[in-house]
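Fold and contact review
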Amino acid sequence: DIVVYWLFQSINQDKFLRASINPKHVIFSDVFDPNFQNHYKESFDLVYSRGFIEHFINVSEAIDIHLNLLKTGGFLIVVIPNLKGINYYLAKFFNKESFAKHNLDIMDQKTFKDLFDLKNLKELYCGYYGVFNFGLFNAKTRFKKILLRIFMIFQYLLNFIFFNLFRNIRVESKY
């Protein structure tokens, strides 16, 4: 665990330094740690969570820890992958074990929106975005890794075609 901690800390610090940002602005902690939650209670104007809450059964608790860190009037952005529709089959194909670690129940727009209804929040946007993102998947076997790399190359072309062909139509959907 310590090796991973320092590896991620080093990578983040490196990226911050290259962007001329003080790396001391990165906080390394367990977000569920009560000391962290107490110390940073209502400290942030923006709390951004990506690919996190879908790994929990008790999603409400995960959302609450985000809200605890948010200043009054701040913004909460929560992004989760959509592993339904065609992504369901792709995720199962590329890595069944990783796929099993996700709470698929919340990967529906209405269900996702309902998670935040009792939290006294003003909704600014709740919906699907993006078309093809093969970066959602990971693979274990050599064949699947090569196949995934090929799909990721074509992803750029597919997205370009979809956004230009359907410029005036929203093609994002649960599928």
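Predicted model, so just to flag it, every value in this text is computed and none were measured.

Some remarks on the pattern of salt bridges
- On inspection of all chains with the given rule, the structure shows five salt bridges.
- Notably, a salt bridge pairs Arg 18 with Asp 14, separated by 3.7 Å at the nearest N-O pair. With Arg 18 and Asp 14 both in helix H1 (residues 2–18), this residue pair falls four residues apart, about one helical turn.
- The exposure class of Arg 18 is exposed, given its relative accessible area of 63%.
- Classification of Asp 14 as partly exposed rests on a relative accessible area of 42%.

Describing a nonpolar patch on the surface
- Where nonpolar side chains cluster on the molecular surface, the patch consists of Leu 46, Tyr 48, Phe 75, Ile 77, Leu 124, Tyr 125 and Tyr 129 and spans about 790 Å² of accessible area.
- Those elements that place two or more of their residues in the nonpolar patch are strand E1 (44–50) and strand E2 (70–79).
- Topologically, Leu 124 is positioned in the loop between helix H6 (109–117) and helix H7 (142–165).

Considerations on the pairing of E2
- With six bridges joining them, E1 and E2 adopt parallel strand pairing. Bridging across to E2, Ser 49 finds its partner in Val 78.
- As a crossover connection, the stretch from E1 through helix H3 (residues 59–69) into E2 is right-handed.

Things to note about the side chain of His 102
- Tracing the backbone through its elements, the reader meets His 102 in the loop between helix H5 (96–99) and H6.
- Judged by relative accessible area, which is 18%, His 102 ranks as buried.
- Only 2.9 Å separates the side chain of His 102 from the backbone oxygen of Ser 98, close enough to count as a polar contact.
- Apart from residues lying up to four places away in sequence, His 102 is in contact with Glu 54, His 55, Leu 83 and Met 107.

Considering the nonpolar core
- If you look at the biggest cluster of nonpolar residues, it comprises 20 residues, and the most contacted ones within it are Ile 53, Ile 80, Phe 112 and Phe 137.
- Of all elements in the fold, only H3, helix H4 (86–94) and H6 reach the threshold of two or more residues within this core.
- Apart from residues no more than four positions distant in its own chain, Ile 80 is found in contact with Ile 53, Glu 54, Ile 106, Met 107 and Phe 112.

Points about unusual backbone geometry
- Located in the positive-phi region is Ser 20, a residue other than glycine, with phi close to 60°.
- Using a relative accessible area of 67% as the deciding quantity, one classes Ser 20 as exposed.
- Here Glu 42, not a glycine, exhibits a phi torsion of approximately 50°, which is positive.
- Looking at where Glu 42 falls in the secondary structure, it is placed in the loop between helix H2 (34–39) and E1.
- A relative accessible area of 46% means that Glu 42 is categorised as partly exposed.

A word on the side chain of Gln 155
- Of note, Gln 155 is situated in helix H7.
- Not counting the four nearest positions on each side in its chain, Gln 155 is found in contact with Phe 132, Asn 133, Phe 134 and Gly 135.

Criteria and thresholds
Residues numbered from 1 in each chain as written. Predicted model: local features only at pLDDT ≥ 70, side-chain atom pairs only at ≥ 80, totals over all residues. Heavy atoms only, no water. Salt bridge = Lys/Arg side-chain N within 4 Å of Asp/Glu carboxyl O. Helix = DSSP H or I, 4+ residues; strand = E, 2+ residues; numbered from the N terminus. Buried < 20%, exposed > 50% of the residue type's maximum accessible area, 1.4 Å probe, protein only. Patch = residues over 30% accessible without salt bridge, like charges linked within 9 Å, V, L, I, M, F, W, Y side chains within 5 Å. Areas by Shrake-Rupley, 256 points an atom, 1.4 Å probe, with all protein chains shown as cover. Pairing = 2+ DSSP bridges. Right-handed = clockwise from strand over helix to strand, strands pointing away. Polar contact = N/O pair within 3.5 Å; in protein donor to acceptor, adjacent residues only side chain to side chain. Contact = heavy atoms within 4.5 Å. Core = buried A, V, L, I, M, F, W, Y, C linked by side-chain atoms within 4.5 Å.

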